[in-house]
Amino acid sequence: MKISAYPSIAVVAILLSACSESPEQVALEQGKAIWEGTCAVCHAQGLAGSPPIGNKKMWAKRIEKGLPVLFEHAKNGFSGETGLMPPRGGNEDLTDHQVELAVKYMVSQSQ
Amino acid sequence: MKNTLKMTLAASSIAILTACGGDKEAGISPQQFTDALHLVMDSDRAVYTKKVVGRLTKEEKVIKASEHFMDDKALPLPAQMFRFGAETVAEKTDEFTYSLQSLWPINSQNAPVTAVEKEGLQFIVDNPGKNFYKEETLGGKNYFTAIYPDVAVAPVCASCHNDHKDSPKTDFKVGDVMGGVVIRVPLG
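These numbers come from a predicted model, not from an experiment. (Residues numbered from 1 in each chain as written. Chains lettered and ligands numbered in written order. Predicted model: local features only at pLDDT ≥ 70, side-chain atom pairs only at ≥ 80, totals over all residues. Heavy atoms only, no water.)

Section: the nonpolar core
Here comes step 1: In terms of nonpolar packing, the biggest core is built from 16 residues, with A:Ile34, A:Trp35, A:Val99, A:Ala102 and A:Val103 touching the most fellow members.
Here comes step 2: Mapped by element, the contributors of at least two residues to this core are α2 (23-43), α4 (67-76) and α5 (96-108) of chain A.
Here comes step 3: Ranked by residue count, the leading element in this core is α5(A), at seven residues.
Here comes step 4: If we skip the residues at most four places from it in the chain, A:Val103 touches A:Leu67, A:Leu70, A:Phe71 and A:Ala74.
Here comes step 5: Counting 15 residues, the second-largest nonpolar core is a separate cluster that includes B:Leu100, B:Ala146, B:Tyr148 and B:Ile183. (Core = buried A, V, L, I, M, F, W, Y, C linked by side-chain atoms within 4.5 Å. Buried < 20%, exposed > 50% of the residue type's maximum accessible area, 1.4 Å probe, protein only. Helix = DSSP H or I, 4+ residues; strand = E, 2+ residues; numbered from the N terminus. Contact = heavy atoms within 4.5 Å.)

The structure is reproduced here in structure tokens:
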């Protein structure tokens, strides 16, 4: 009895999570994990002239540039008015797609 | 100099805020105090690194930055600039002290001394993006100690340290926490 109950609970759980999470939410969660692994060291607090996550004032002008520009700057690095953004945050193992997910997450929290 | 001036301004405006508060609850917490100080320090350091050192050495190429800035007639390194400010503050007041430290210091003067400093410097290496706060008792007196990460933003941060004869660590890379700013305030 017990044994057979487990799989069905698992199935229900999977169905539930599938229903409640849109693809955008899944992407944001992936982006969050990447951001925590590589970007938080600077962007959690805004060290060394970086815009801190959630700081709408500092992000507004940057977000105006549009996502493609932010993607490009995050991948290749960017020396703007306030500091130096290292390419891929210094983590060369990140793919383009992973960097984009992290940018999207940071932007979603900052507007 | 500029560092010191801003520091003093920040400290005195905080003192005024506390003084005007009247009852105790209106004061600011030790953490708010150290967070505000750190914000000023980190911003000044970023500005010096970017608008003075970076601009004059890399863009205009008119002067170098060097550890031996007197002999070389060069700009002091950002870390030296920071230490000079801290030393000036230490001469003026006992209200707080600060220093840039590392578990792998080039200048042995920048190594952690107290148990809380060692614990905190390790904590910020293990927990990227987080600060460390703890109370400690030194010589029978209680202190609030805050430690903020200092990160390698540029390849030169890592390469200069890795190549320096006095550096105990030779594999820093961009994005690494290289050390931390330690701010200590006496309590009560």
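Describing the UniProt feature "domain: Cytochrome c" (unreviewed entry) in chain A
Here comes step 1: On the UniProt side, "domain: Cytochrome c" (unreviewed entry) is annotated at positions that read residues 26-110 of chain A here.
Here comes step 2: Annotation note: span residues 26-110 of chain A, helix share 59%, strand share 0%, distance between end C-alpha atoms 18 Å. (UniProt positions renumbered as here; feature names shortened; annotations may be inferred.)

Digging into the pairing of strand β4 (residues 177-186) of chain B
Residues and elements named next belong to chain B.
Here comes step 1: Of all the 10 residues making up β4, nine are buried; the element is thus mostly covered by neighbouring parts of the structure.
Here comes step 2: In this structure, strand β1 (residues 97-101) lies alongside β4, joined through five bridges in antiparallel fashion. For Ser 99, the partnering residue across the bridge sits in β4 and is Val 182.
Here comes step 3: With nine bridges joining them, strand β3 (residues 141-151) and β4 adopt antiparallel strand pairing. What sits directly across from Thr 145, in β4, is Arg 184. (Pairing = 2+ DSSP bridges.)

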